[in-house]
Amino acid sequence: MLFGTSGIRGLYGTEITPLLAMKIANAFAQKEREIALATDMRETSEILKNVVISSALATGVNVMDLGEIPTPTLAFYTQKKNCKGIMITASHNPGEYNGLKLYRNGREISKKEEAEVEADYGKEMRLVKWDKLGKLFHYEYAVREHIEMIKRNVNMEKIRNAKIKVVVDCNGVGMHITPALLREMGCIVISMNCGKRGFYRNPEPTAENLAELGKMVRASSAHIGIAHDGDADRVIFTDENGEMLGLDVQFGIITEHELKQKNGLIISTIEASLLIKELIKKNKGKNIVVGVGSTNVSEAMEKNKNAIFGGEPAGEYIFKNGVNTPDGILGCAKFLEIFAENGSFAQLKKNYKIYPIIRKKFGCTDRKRAMEKISKAFLFGGNRNVIDGIREDFEDGFMLVRASGTENAIRLTAEFRSMDKLMELAEKAEKIIKDAIKK
Ligand code: MG
């Protein structure tokens, strides 16, 4: 299987090769009129891009090269133009990785469309005659159009009046849009890790990787720290003390903000904390829970017309009036709006209490085999749910074990109101997972 939770991703040179990119582009671009293309700023993105362009042109499709831009910016272009798009990126994975995310009309293609691409992948490449080749175009306004869309989705006046001082740690392709947007919003902007091809630090926005951001926020007396992952579909925040808000708290804050603007349906995934369920209930919203991965959230957003917001605790947020894919830049603007309304994030986050929660990752090369073994032993007497991995729900918490869709790993999530119960059950679950990986 080529596709994971989000597109095709792997180590450059072995799993992701120019040949693979050429075949995928040929299978995906076929019979289209135009296909949009963009890359993040990895060292290997340029090579893959050139192969994708040639392969798509060879099928007779016109290619619109949008350059080096964030994933949601490419997605927004495909939504506006009602076309397909290819994003060359490995998102938050380190520099040795790369991959392709495939879009149609603003969102990642469905599992069904992925299967169609996989079926065509093995076939002979489509090559049209010399006089039927596609043409290559360049388009420079995708970022500007994305910024304008974002400005229509927040209260600009309120944000401008708040005169917010921010530190933004781009470390990736977000550098082409977020600092500019923040300045247009009247912020005092200090940007870091911006400017070169490749990464300054590990692109996964974890607390460890964002230690320098925290320091910079404190040193400059900023109100907020902002970080993206490598392709800027995710956004993470710190408060004025340089402390991360926490992924679950962030998701809670934005969920409540959206519900207060307009009551409706929230799409969340099985990994979301109990806090989300409680906030939706408190604000009289409705909730649909789907499997992990933004593709599942996008599909549910499209199917349910009353959906106003969807997301995942990874810092991935999809807004009804934006683009139907996680948009870290619109997410950033929304949090500025929240700051303009409420002030200090260190104070605000106190209103969003999460219960004891564990999220752990266990390295595992044969995920399928391990999950089969885990499935037989992972029985704790809760309500079992197998939408994605195995989840057991209890009155006071839940346990979830699933194979990662992007890495060779098994993930465990457990949350309980009582720390004792969490520790007891998580320990048992860890043992089951470790045994299954070993055998
Ligand atoms: Mg990403």
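Everything here concerns the structure above.
**Regarding the packing of aromatic side chains**
Here is step 1: According to the stated counting rule, one finds 13 aromatic pairs in the structure shown.
Here is step 2: Their ring planes at 40 degrees and their centres at 6.0 Å tell us that phenylalanine 309 and tyrosine 317 sit as a pair that is tilted. Pair check on accessibility: phenylalanine 309 and tyrosine 317 agree, each one buried.
Here is step 3: Three or more aromatic residues link up through ring pairs in this structure, and these residues are Phe237, Phe251, Phe309, Tyr317, Phe319, Phe335, Phe339 and Phe345.
Here is step 4: If you follow lysine 84 out to its NZ or CZ, it ends over the ring of phenylalanine 28, 4.3 Å from the centre.
Here is step 5: Sitting above the plane of the tyrosine 200 ring, lysine 196 keeps its charged end 4.7 Å from the centroid.

**Focus: the coordination of the magnesium ion**
Here is step 1: The protein atoms that coordinate the magnesium ion are Ser91 (OG), Asp229 (OD), Asp231 (OD) and Asp233 (OD), at distances of 2.0 to 2.1 Å.
Here is step 2: In primary-sequence terms, the residues that donate to the magnesium ion follow S-x137-D-x1-D-x1-D. Here serine 91 is found in the loop between strand S4 (84–88) and strand S5 (97–104), whereas its partner aspartate 233 is found in the loop between strand S10 (224–228) and strand S11 (235–238), with 142 residues between them in sequence.
Here is step 3: For aspartate 233, a relative accessible area of 3% translates into the label buried.

**Thoughts on the pattern of salt bridges**
Here is step 1: Applying the stated criterion to the full structure yields 34 salt bridges.
Here is step 2: Residue aspartate 388 pairs with arginine 402 through a salt bridge whose shortest N-O separation is 3.3 Å. One end of the pair, aspartate 388, is in the loop between strand S17 (383–385) and strand S18 (390–394); the other, arginine 402, is in strand S19 (residues 397–403), with 14 residues separating them in the sequence. For the pair aspartate 388 and arginine 402, one class covers both residues: buried.
Here is step 3: Here the salt bridges share partners, and the residues they tie into one network are Arg144, Glu148, Lys151 and Glu184.

**Details of the environment of asparagine 153**
Here is step 1: Relative to the elements of secondary structure, asparagine 153 occurs in the loop between helix H5 (142–152) and helix H6 (156–162).
Here is step 2: Asparagine 153 sits 99 residues away from glycine 252 along the chain, and the two C-alpha atoms are 19 Å apart.

**Describing the nonpolar core**
Side chains that are nonpolar tend, in soluble globular proteins, to be buried together.
Here is step 1: Counting residues in hydrophobic clusters, the biggest one holds 67 residues, and the most contacted among them are Leu66 and Met185.
Here is step 2: At 8 residues, the largest contribution of residues to this core is made by helix H12 (residues 328–342).
Here is step 3: In contact with methionine 185, other than residues within four places in its own chain, are Ile150, Val154, Met156, Ile159, Arg160, Ala333 and Leu336.
Here is step 4: Grouped together as the second largest cluster of nonpolar side chains are 26 residues, Ile16, Leu37, Val52 and Tyr121 included.

**Quick word on the sheet that holds strand S8 (residues 165–169)**
Here is step 1: In space, the 4 strands of this open sheet follow the order S9-S8-S10-S11, with mixed pairing throughout. Lying at the two open borders of the sheet, with one neighbouring strand each, are strand S9 (188–192) and S11. When the angles between neighbouring strand axes are averaged without regard to direction, this sheet yields 20 degrees.
Here is step 2: Relative to the sheet, helix H8 (residues 211–219) contacts S8, S9, S10 and S11, its axis offset from that of S10 by approximately 155 degrees.

**Things to note about the side chain of serine 404**
Here is step 1: With respect to the secondary-structure elements, serine 404 resides in the loop between S19 and strand S20 (409–416).
Here is step 2: For serine 404, a relative accessible area of 4% puts it in the buried group.
Here is step 3: When neighbours within four sequence positions are excluded, serine 404 is seen to be in contact with Arg367, Ala409 and Arg411.

**Details of the sheet that holds strand S15 (residues 316–319)**
Here is step 1: Judged by pairing direction, the sheet is mixed, and its 4 strands sit side by side in the order S13-S12-S14-S15 without closing on themselves. The sheet terminates laterally at strand S13 (286–290) and S15, the two strands that pair on one side only. The mean inter-strand angle of the sheet, taken between neighbouring strand axes irrespective of direction, is 20 degrees.
Here is step 2: As paired elements, strand S12 (residues 265–269) and strand S14 (residues 307–312) share 3 bridges and run parallel to each other.

**Comments concerning the packing of helix H14 (residues 367–377) against helix H15 (residues 419–438)**
Here is step 1: With their axes 8 Å apart at the nearest point, H14 and H15 run at an angle of 140 degrees to one another. When the interaxial angle is binned, H14 and H15 end up oblique. Here H14 and H15 pass one another in a crossing that is right-handed. Contacts between H14 and H15 pair Ala370, Lys373, Ile374 and Ala377 from the former with Ile432, Ile433 and Ala436 from the latter.
Here is step 2: Here the residues of the contact of H14 with H15 are counted per class, giving 6 nonpolar, no polar and 1 charged.

**Thoughts on the packing of helix H9 (residues 247–261) against H12**
Here is step 1: It is the contact of H9 with H12, at a shortest axis distance of 11 Å, that shows an interaxial angle of 75 degrees. Judged by the angle between their axes, H9 and H12 are roughly perpendicular. Facing H9, whose interface residues are Gln250, Ile253, Ile254, His257, Glu258 and Gln261, H12 presents Lys334, Phe335, Glu337, Ile338 and Glu341.
Here is step 2: Across the contact of H9 with H12, the residue classes tally to 4 nonpolar, 3 polar and 4 charged.

**Brief notes about the pairing of S12**
Here is step 1: Among the 5 residues that make up S12, 5 are buried, leaving the element largely enclosed by the rest of the structure.
Here is step 2: The sheet contact formed by S12 and S13 spans 5 bridges and is parallel. Across the sheet, isoleucine 266 pairs through a bridge with asparagine 287, a residue of S13.
Here is step 3: Assessed by its sense of winding, the connection that carries the chain from S12 through helix H10 (residues 274–282) to S13 is right-handed.

Reading the values: the criteria
- Residues numbered from 1 in each chain as written.
- Predicted model: local features only at pLDDT ≥ 70, side-chain atom pairs only at ≥ 80, totals over all residues.
- Heavy atoms only, no water.
- Phe/Tyr/Trp six-rings, centres within 6.5 Å; stacked < 30°, edge-to-face > 60°.
- Buried < 20%, exposed > 50% of the residue type's maximum accessible area, 1.4 Å probe, protein only.
- Lys NZ or Arg CZ within 6 Å of the ring centre and 35° of its normal.
- Donors = N, O, S within 2.8 Å, 3.2 Å for Na, K, Ca; no water.
- Helix = DSSP H or I, 4+ residues; strand = E, 2+ residues; numbered from the N terminus.
- Salt bridge = Lys/Arg side-chain N within 4 Å of Asp/Glu carboxyl O.
- Core = buried A, V, L, I, M, F, W, Y, C linked by side-chain atoms within 4.5 Å.
- Contact = heavy atoms within 4.5 Å.
- Pairing = 2+ DSSP bridges.
- Axes fitted to C-alpha atoms, helices over the stretch in contact; angles between N-to-C directions.
- Parallel < 35°, antiparallel > 145°, perpendicular 65-115°, else oblique.
- Left-handed = near helix turned anticlockwise from the far one by under 90°.
- Nonpolar A, V, L, I, M, F, W, Y, C, P; charged D, E, K, R; others polar.
- Right-handed = clockwise from strand over helix to strand, strands pointing away.

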